[in-house]
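Chain and residue survey
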Amino acid sequence: MNKPIRKAVLPVAGLGTRFLPATKAVPKEMLTIVDQPIIQYVVDEARAAGIEHIAFVTGRNKHVIEDHFDMAYELEDTLKARKKTEALELLEKHRPQPGSTSFTRQQAPLGLGHAIWCARDIIGDEPFAILLPDVIIKSKVSCLRQMVDLYDQTGGNIIAVEEIPEDQTHQYGIVELAERINAASSEISNMVEKPAPGTAPSNLMITGRYILQPEIFDLLSEQGKGAGGEIQLTDSMISLMSKQKFASLKFEGRSYDCGSKYGFLSANIAFGMDDPKLADDLLPFMRDIVEGQRQVAAE
C-alpha cells in the first residue's frame, strides 16, 4: 500500500529579478493575480489535493509570506467591529489550520535542488509533493489532486507535464516517455534540462508539480552543482530514476508561468474572466485594445 501524500514543499526563496523593481521590497509570490497573491493560488491547489502540512522554504525579506498565512489581529478586530462579515470570512477561509505550516530558510541561492533539501527534516521519511510557486494552474480539478489520484494507483514518483510548441522546448525541462500507463500517463525514461534546439526527446515540459519519494533527499545531499552553478533537482531525479519508477501526467488544465511578465499578465486576464462582475467590463475593454492595435498596424 502506498504511503499517502500528506506534505508539500513550496520553495519561495527566489529573488524575483525578472520583476524588478516591483520585487525589490515585495516578494514575487505576493504579486496579485486579480485579488489574491500568486502564492495563495498554489496553497489552495495543495489543500484541494488533501495536503495536510506545507513547508515553505523562504529567504531574506520573505517574512510577508509568513504574515499572509497568519492572523492579523488589528485588521480582523476592525472588520468585526464594522460588521464586515464577508471580508472576515474570506480571511478565515484562506488561513491554514494551526500547526499546518512550517517555514525554513534557504540561506544561500544554491538552486531548486538545494531549496528542496532544506525541507528534509520537515518532510521526514515519507513521499511528498513539490509545487513551484511561480506556476499557477487553472483547472476544474486541482492539478495536484489529479497527480495524487494517479499516485494512489501507481505509487513511485509523478511529474506533471504539458505540451508546448517544438520551438520552445529549449527553454524548459523536457521528459522522454517510455511505456504508456493510461491515456494521460506514461513511464518516464529520461529528463533533459533545456535541451539544445532540435534535440528534445518530446514536446512535454515539466510543469512545476512533482510527487517524489523521500530517497531524493539523500541524492540531493550528495548532488554536485550542475547547470548555472546550482544544485539541480532534475539531476537528482535522473539519479533516482535508475532505482525507482517515474511517471508523467498530462493534467487537465492550463499552467501560467507567473515568473514571466507574459505569464503573469495572461493569468490575470484568464482568472479575471472567471469573475462575471469583471468579465462584463473586461471583455469589451480587451476588444477595444485589440481593435486599436489593428488600426495602428494598418496605418
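Anyway, here's the lowdown on the structure attached to this text. (Residues numbered from 1 in each chain as written. Predicted model: local features only at pLDDT ≥ 70, side-chain atom pairs only at ≥ 80, totals over all residues. Heavy atoms only, no water.)

Looking at helix H11 (residues 276-298)
The end-to-end C-alpha distance of H11 is 33 Å, a good match for the 33 Å that 23 residues give at a rise of 1.5 Å each. For H11, the principal kink sits at Leu282 and spans about 25 degrees; a proline, Pro284, occurs within the next four residues. The opening residue of H11, the one whose side-chain oxygen lies 2.9 Å from the backbone nitrogen of Lys277, is Asp275. (Helix = DSSP H or I, 4+ residues; strand = E, 2+ residues; numbered from the N terminus. Expected span 1.5 Å × (residues − 1). Bend = angle between axes of the 7 residues up to and from the residue. Polar contact = N/O pair within 3.5 Å; in protein donor to acceptor, adjacent residues only side chain to side chain.)

Some remarks on the packing of aromatic side chains
Between two aromatic rings, the relevant description is the distance of the centres plus the angle of the planes. Within this structure, the stated rule accounts for 6 aromatic pairs. Ring centres 5.4 Å apart and planes at 35 degrees place the aromatic pair Phe56 and Phe69 in the tilted group. Of this pair, Phe56 sits in strand S4 (residues 53-58) while Phe69 sits in the loop between helix H2 (63-68) and helix H3 (73-81), and the two are 13 residues apart along the sequence. Taking relative accessible area as the criterion, Phe69 reaches 7% and is therefore assigned buried. One aromatic cluster is present, formed by Tyr41, Tyr256 and Phe271 through successive ring pairs. (Phe/Tyr/Trp six-rings, centres within 6.5 Å; stacked < 30°, edge-to-face > 60°. Buried < 20%, exposed > 50% of the residue type's maximum accessible area, 1.4 Å probe, protein only.)

Re the pattern of salt bridges
Within the structure shown, the criterion is met by 12 salt bridges. Here Glu126 makes a salt bridge to Arg6, at a shortest N to O gap of 3.0 Å. Of this pair, Glu126 sits in the loop between helix H6 (120-123) and strand S6 (128-131) while Arg6 sits in the segment before strand S1 (7-11), placing them 120 residues apart in sequence. Close ionic contact of Glu126 with Lys7 constitutes a salt bridge, the shortest N to O distance being 3.6 Å. (Salt bridge = Lys/Arg side-chain N within 4 Å of Asp/Glu carboxyl O.)

Looking at the side chain of Arg209
Within the secondary structure layout, Arg209 lies in strand S11 (residues 204-212). Only 2.9 Å separates the side chain of Arg209 from the side chain of Glu45, close enough to count as a polar contact.

Concerning the nonpolar core
In this structure, Leu10, Ile33, Phe56, Ile136, Leu144 and Ile211 are the most contacted members of the largest nonpolar core, which totals 43 residues. Setting aside its immediate chain neighbours within four residues, Leu10 contacts Ile39, Val42, Val43, Ile54, Ala55, Phe56, Val57 and Leu131. (Core = buried A, V, L, I, M, F, W, Y, C linked by side-chain atoms within 4.5 Å. Contact = heavy atoms within 4.5 Å.)

A look at the environment of Leu212
Mapped onto the fold, Leu212 is located in strand S11. For Leu212, a relative accessible area of 0% puts it in the buried group. For the pair Leu212 and Gly155, spaced 57 residues apart in sequence, the C-alpha to C-alpha distance is 9.7 Å. When near neighbours in sequence (up to four residues on either side) are disregarded, Leu212 contacts Pro127, Phe128, Ile130, Asn157, Leu233, Met237 and Phe246.

Some remarks on unusual backbone geometry
Omega for the peptide link from Leu20 to Pro21 comes to 5 degrees, which places this bond in the cis form. Tracing the chain through its elements places Pro21 in the loop between S1 and strand S2 (32-33). Backbone geometry places Asn61, a non-glycine residue, at a positive phi of 65 degrees. On the secondary structure map, Asn61 appears in the loop between S4 and H2. You will see that Lys83, though not glycine, has its phi angle at about 60 degrees, which is positive. The topology assignment puts Lys83 in the loop between H3 and helix H4 (85-94). Residue classification places Lys83 among the exposed positions, given a relative accessible area of 69%.

These figures capture arrangement, not role.
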